[in-house]
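Chain residues, written in single-letter form:
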Amino acid sequence: MDERTLTFIAVCIELGVPAGWLALMYLRPATRRRAVVVLGAVSLPSLFYAAVVVTHVLRSTDRPDFAFYAAWAMTFAPYVAVVVGASLLALVPRPSHLGARFLLGLASAPLSYFLFVWLASLL
């Protein structure tokens, strides 16, 4: 597998997770309380990816943009750690208000990332 293929797979996963949870929320409203936690956790990385894409589009030149291609692959493992952490936290029944659950997911993202870094340092 070459670098371009791995980047394409990372982009599909990193954009597919929020899209999949949004579709699941729309199709099955009973899953909203779990989906909102994951969407809260991936909202900050999604904003980062949006900024990378906008910067890439605005600076379109003839040479390839390293930041555009590297951002997806270099943030893939922390992104997966954030999604796994939020998915586990989504199983907790409290709080029940959707806004509070979104904030719970938002707060879980840095915690999941630091836990990932800590576990990686042990290896």
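Each remark here, short or long, concerns the structure printed above.
(A) The overall build of the protein, seen in detail. The helix and strand inventory of the protein stands at 5 helices and 0 strands. When the helices and strands of the protein are listed from N to C terminus, the series reads α-α-α-α-α. When its C-alpha atoms are laid out on the principal axes, the protein stretches across 50 × 40 × 25 Å. Evaluated residue by residue, the protein yields a buried proportion of 30% over its 123 residues. Relative to all contacts within the protein whose residues are 6 or more apart in sequence, the contacts with residues 24 or more apart total 65%. Of the roughly 8100 Å² of accessible surface on the protein, 75% is carried by carbon and sulfur atoms. Across the protein, 9 positive and 5 negative side-chain charges occur, with their mean positions spaced 25 Å apart.

(B) Focus on the nonpolar core. Core analysis: the largest hydrophobic core is formed by 22 residues, its most contacted members being W72 and Y79. Mapped onto this core, the elements with two or more residues apiece are α1 (3-27), α2 (32-58), α3 (66-74) and α4 (76-89). Counting residues per element, this core draws most heavily on α2, at 9 residues. Among residues more than four places away in sequence, those in contact with Y79 are I13, E14, V17, P18, V42, P45 and Y49.

(C) Broad picture of the packing of α2 against helix α5 (residues 98-122). Their axes nearest at 7 Å, the elements α2 and α5 cross at an angle of 40°. In terms of orientation, α2 and α5 fall into the oblique class. As α2 packs across α5, the resulting crossing turns out to be right-handed. Contacts from R32, R33, R34, V36, V37, L39, G40, A41, S43 and L44 of α2 reach α5 at L98, R101, F102, G105, L106, S108 and A109. Here the residues of the contact of α2 with α5 are counted per class, giving 9 nonpolar, 4 polar and 4 charged.

(D) Here's a closer look at α5. Here α5 is 25 residues long and its end C-alpha atoms lie 36 Å apart, about the 36 Å a rise of 1.5 Å per residue gives. At S108, α5 shows its largest kink, close to 30°, and the proline P110 lies no more than four residues downstream. Of the residues making up α5, those classed as buried are R101, G105, S108, A109 and S112. Where the residues of α5 are buried, they touch α2 and α4.

Rules of the game
- Residues numbered from 1 in each chain as written.
- Predicted model: local features only at pLDDT ≥ 70, side-chain atom pairs only at ≥ 80, totals over all residues.
- Heavy atoms only, no water.
- Helix = DSSP H or I, 4+ residues; strand = E, 2+ residues; numbered from the N terminus.
- Buried < 20%, exposed > 50% of the residue type's maximum accessible area, 1.4 Å probe, protein only.
- Contact = heavy atoms within 4.5 Å.
- Areas by Shrake-Rupley, 256 points an atom, 1.4 Å probe, with all protein chains shown as cover.
- Lys, Arg positive; Asp, Glu negative; His and termini not counted.
- Charge placed at Lys NZ, Arg CZ, Asp CG, Glu CD.
- Core = buried A, V, L, I, M, F, W, Y, C linked by side-chain atoms within 4.5 Å.
- Axes fitted to C-alpha atoms, helices over the stretch in contact; angles between N-to-C directions.
- Parallel < 35°, antiparallel > 145°, perpendicular 65-115°, else oblique.
- Left-handed = near helix turned anticlockwise from the far one by under 90°.
- Nonpolar A, V, L, I, M, F, W, Y, C, P; charged D, E, K, R; others polar.
- Expected span 1.5 Å × (residues − 1).
- Bend = angle between axes of the 7 residues up to and from the residue.

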